[in-house]
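This is what each chain is made of:
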Amino acid sequence: MSRRKTRPRTSPAVTADSPCPCGLDAAYGACCGRLHSGTAGTAPTAELLMRSRYSAFVVRDEAYLLRTWAPETRPGEVGFDPALRWTGLEIQETTDGTAFHQHGTVTFAAGYVHGGEPGAMRERSRFARHEGAWVYVDGDVTE
């Protein structure tokens, strides 16, 4: 008896009606999807920008990630690892980052599976206003 080769399991595509990957209680199309498409303008807080950027990594929306990256730290491209699947976002702490601030930080843990092994990336991300909109500046990855 020979074994058939099977393709690796992948998660179903995120649709407008799917739960939003960012973890808020809304469908993707009514949550981060509106920011990704530009129909909702820009994220009003650093935390919502962080959530939408996480969702952009999930759906591999390079254009949105680059558009919401500070010009002084923006890379030329985003390298997506095809073997990496993001599995959840936990916001641990936010500092400033509201309509009344010019800077803010968001500390988060993002779960993933890579090569069948679960893991988590933890980062304290820095955000700033650029031409009125929140942008990701950089972050410190922690263990």
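These remarks concern the structure in this document. Every chain is numbered independently, its residues counted from 1 as its sequence is written. Side-chain atom pairs in this predicted model are given and counted only at pLDDT of 80 or more, local residue features only at pLDDT of at least 70, and totals for whole chains, interfaces and linings cover all residues. For the side-chain quantities, the full set of heavy atoms in the structure was used; hydrogens and water were omitted.

The next thing to look at is the packing of aromatic side chains. Classification of ring pairs rests on two measures: the distance between centres of Phe, Tyr or Trp rings, Trp counted by its six-membered ring, which must be within 6.5 Å, and the angle between planes, read as stacked under 30 degrees, edge-to-face over 60 and tilted in between. Applying the stated rule across the entire model yields 6 aromatic pairs. Seen from their ring centres, W69 and Y136 are 5.4 Å apart, and the 80° between their planes marks the pair as edge-to-face. One end of the pair, W69, is in the loop between α3 (62-67) and β1 (84-96); the other, Y136, is in strand β4 (residues 133-142), and 67 residues separate them in sequence. Only protein chains enter the area calculation, which uses a 1.4 Å probe; residues under 20% of their type maximum are buried, those over 50% are exposed, and those in between are partly exposed. Note on W69: relative accessible area 14%, which makes it buried. Considering the side-chain rings of W86 and Y112, the 5.8 Å spacing of their centres and the 80° angle between planes classify their relative orientation as edge-to-face. Each helix is a run of H or I in the DSSP string that is no shorter than four residues. Each strand is a run of E no shorter than two, and both are numbered from the N terminus.

Turning next to the sheet that holds β4. For two strands to count as paired, DSSP must find a minimum of two bridges between them. With respect to topology, 4 strands assemble into an open sheet ordered β1-β2-β3-β4, the strand pairing being antiparallel. In the strand order of this sheet, the two ends are held by β1 and β4, each with one partner. Adjacent strand axes in the sheet meet at a mean angle of 30° when their direction is disregarded. Here β1 runs beside strand β2 (residues 103-114); their pairing, made up of 11 bridges, is antiparallel. Bridge assignment links E90 to a residue of β2, and that residue is A109. Contacts are residue-level and defined by heavy atoms, with any inter-residue pair within 4.5 Å sufficient. Angular values range over 0 to 180 degrees, each being the angle between N-to-C directions of two axes fitted as lines to C-alpha atoms, with helices fitted over their stretch in contact. With respect to the sheet, helix α2 (residues 46-59) is in contact with β1, β2, β3 (117-130) and β4, its orientation differing from that of β1 by roughly 170°.

Looking now at the state of the cysteines. Count a disulfide wherever a pair of cysteine sulfur atoms falls within 2.5 Å. Per the counting criterion, the structure on display carries 0 disulfides. Cysteine C22 is unpaired, with the sulfur of C20 as its nearest cysteine sulfur at 3.7 Å. The class for C22 is buried, based on a relative accessible area of 0%. In this model C31 remains outside any disulfide bridge; the closest cysteine sulfur is found in C20, 3.7 Å from its own. We classify C31 as buried; its relative accessible area is 14%.

Read these as geometric descriptors, not functional statements.
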